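What the coordinates show
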Amino acid sequence: MAYTEFDNDLPARIKEQADIVQIIGENVELKKAGVRYLGCCPFHNEKTPSFSVHPGQQFFHCFGCGASGDVLEFQMKFHNMDFPTALKELARRYQIVIPEKPMSPQEQEKRRKRKLMYAVNEKVVSIWKECLHKSGMAADARKYLEERGIPLSIQKQFGLGYAPSPDIAGWDYLGSRLQGEEHRAAIDLGLLVKREKSGTYDRFRDRVLFPIYDRQGRVLGFGGRIIGDGQPKYMNSPESMVFNKSASLLGLYQQGDEIRRRKQAILVEGNFDLVSLVVHGCPNVVAPLGTALTAQQLKLLKGYAEECVLLFDGDTAGVKAAIRSVPLFLSEEFAGKVALLPKGHDPDTFIREKGLAPLEDLISNALPLPEFTLQQLVEEHGLTLDGKGRIIKELQPLLKAAKSSLQRSIMVSHFSETIGVSARDLSAAMVSVMPEPPLPSPPSIVPKRKQQLERLAPLTQSQKRIVTHVVLYPESLPELERAGVRSCLSGTVGEVLLLQLRALLQKSDTVTPEDLLDHLPQGGERLFVSDILLNSSVDSTGLSCQGTKGEILELLSWLERDKLLQSSKTLMGQILASAAENDSGKRDAYLLEKMKVDQQLQDLRKKIIPFDD
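This one's a predicted model, so the numbers in the text were calculated from it and none came from an experiment. (Residues numbered from 1 in each chain as written. Predicted model: local features only at pLDDT ≥ 70, side-chain atom pairs only at ≥ 80, totals over all residues. Heavy atoms only, no water.)

Digging into the packing of aromatic side chains
Put simply, the rule reads: Ring pairs are drawn from Phe, Tyr and Trp, using the six-membered ring of Trp, whenever the two centres fall within 6.5 Å, and their geometry is named by plane angle: stacked under 30 degrees, edge-to-face over 60, tilted for the rest. Charge over a ring is defined by NZ of Lys or CZ of Arg lying within 6 Å of the ring centre and within 35 degrees of the ring normal.
Counted according to the given criterion, the structure contains 14 aromatic pairs. Put simply, the rings of Phe43, Phe51, Phe60, Phe74 and Phe78 touch in pairs and so form one group of aromatic residues. In this structure, Arg177 is placed above the aromatic ring of Tyr173, and the distance from its NZ or CZ to the ring centre is 3.9 Å. The positively charged end of Arg260 is found above the aromatic ring belonging to Phe78, 4.7 Å away from the centroid.

Encoded structure:
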């Protein structure tokens, strides 16, 4: 297909014909509930279904994580596809012809070359696989794989092959099997190397080969491990029109579904580390291609997992590799952890000697990357005055990489406690790398901090009452979170305090308001909490705040009302938009849905006394 761009009507035609329940139902167990279908959300962990699919209006929505959209957006998000790929896949399934747009001669030639390169890579996979499994020249390679405990089924799963030694097969084993355009494409791919005078020779010799696939299953290039003597031990295809090793991950094509199911990726450094873990029952694993982890690779993983655990050797190189990756995880806002293996072990030797259970224990106890980095810096430099200075200097890139002021504020608070430096002083030391000014100390410059707080959305009286309750009774936070309190407080100081409380509750089952106060840096948030504690007999609206079960039920009811109000406002906007577009079908559907929501609101108002906003 000579695709350059899609016509504007194509997405609408595909959404009209695609069955959203069928598409989503292939990946999510759905049960009919009235006019909609319910299931557990595939985009976050949950046990109680909050994922709703509406066949009439052709959209999905999760009331837990907020994911929503149409069938194209589901295809993109779940299968980690870009928009053109999702469009083409659904068009293929529903036999919708995508009109071709003429390409320039240069575009046509580039497309033809890429297609040829993929085809040549596929052919080379077959040549090397046949050599590994059937040729006498591969006896040492088969023995090597047997000694490493890689069974035939796993060899075939990963498409392993063997490029024979030139001592047995000569220097042109692969080249002699490719002719004409295929031969020239193999040179462009780096599979063959031109001699100075004439002819070519094989780049990969006496190596077990790992094909490197993209998400669609196309072969991009190869990674090879030498069997006999020689260097380098590992070698990858050079970069080409189809292969960028910084944007590729070994094993993602084969293990992507398992990573998505577990919502966690284990990242190891070596090809055989990856395969060995899969052999021994750890399937959610990938590996970079002999290079340091890149932002592009993390972007790939974010489409599959909620967190990534780096499983590295416990030597100095492994520690440094983990620390180098921290800014990448922070800038991508992707949860990263690190599990260091005992010295003398790599993932392959560890799982073969110890088994799966000890490995799973190691992974379950992995430390968050920022915390791990701070721990390593303390061990390296100590907590002398000079040591603290060195630690602060090495923490600067981490704070610079943080995407949000909230992320930086939480890190500063945590780091300051560990190294024994006040949050204010640590913030001041970071001023050269942080985009926001350091946190001021009260009371002399409280007005400046007040201005910073005012950049957040102001709290309504009802929101203030909820924040007051959560500060005074942190144990109620999990129940209120399940009811959507974070969404209600989004963009306010209440959200900042909520996230800080959640971090404390993850470390301890018992958290007091004073614990929250101790962990907040000097500034507006701390003053806000101090004011609550000073007036703890009443909440910030002047009403009694006793933490009773009845009070919690009232808060939960109000959160439900807030959610319905927001839904009603959204539907009103959709009604007006569809009316402006003269789309009576959509308008009537939105009207019907709004009537249902408004009725729910009426019923709820009869049961509770609304807060005074």
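A short note on the nonpolar core
Selection rule: Nonpolar cores were defined as sets of buried Ala, Val, Leu, Ile, Met, Phe, Trp, Tyr and Cys residues, with membership established by side-chain atoms within 4.5 Å. Here the term buried applies to any residue with accessible area under 20% of the maximum for its type, exposed to any over 50%, and partly exposed to those in between, with areas from a 1.4 Å probe on protein chains only. Elements are defined by DSSP. Helices are runs of H or I of four residues or more, strands are runs of E of two residues or more, and each kind is numbered from the N terminus. Contact criterion: two residues are considered in contact whenever any of their non-hydrogen atoms come within 4.5 Å of each other.
Grouped together as the largest cluster of nonpolar side chains are 62 residues, with contacts concentrated most on Trp128, Leu191, Val208, Phe222 and Leu274. Ranked by residues supplied to this core, first place goes to helix H5 (residues 105–134) with 10 residues. When near neighbours in sequence (up to four residues on either side) are disregarded, Leu274 contacts Phe158, Leu250, Gly251, Val268, Val285, Val286 and Ala287. If you look at the next biggest cluster of nonpolar residues, it comprises 41 residues, including Val286, Phe372, Val412 and Val421.

Brief notes about the environment of Arg218
For the record, the criterion: For the purposes of these results, a polar contact is taken to be a pair of N or O atoms within 3.5 Å, where, inside protein, one atom must be able to donate a hydrogen and its partner to accept one; residues adjacent in sequence count only when each atom of the pair is a side-chain atom.
Tracing the backbone shows Arg218 in the loop between strand S9 (207–213) and strand S10 (219–226). Relative accessible area serves as the criterion here: at 34%, Arg218 is assigned to the partly exposed category. Distance in space between the C-alpha atoms of Arg218 and Glu122 is 7.9 Å, their sequence separation being 96 residues. With residues near it in sequence (within four places) discarded, Arg218 still touches Tyr118, Ile212 and Tyr213. There is a polar contact of 2.7 Å between the side chain of Arg218 and the side chain of Asp214.

Side note on the sheet that holds strand S5 (residues 68–69)
Our working rule: Any two strands between which DSSP finds at least two bridges are classified as paired.
The strand order across the open sheet built from 5 strands is S1-S2-S3-S4-S5, with neighbouring strands paired in antiparallel fashion. The sheet terminates laterally at strand S1 (31–33) and S5, the two strands that pair on one side only.

Considering unusual backbone geometry
Cis geometry is adopted by the peptide bond preceding Pro232, which originates at Gln231 and carries an omega value of -5°. Note that Pro232 resides in the loop between S10 and strand S11 (234–236). For Asp206, which is not glycine, the phi torsion reads 50° and is therefore positive. By the secondary structure assignment, Asp206 is in the loop between strand S8 (200–202) and S9. Here Asp206 falls in the buried class, since its relative accessible area comes to 14%. Non-glycine residue Lys263 carries a positive phi angle of around 60°. With respect to the secondary-structure elements, Lys263 resides in the loop between helix H10 (252–262) and strand S12 (264–267).

Everything listed here is a matter of geometry and, on its own, says nothing about what the molecule does.
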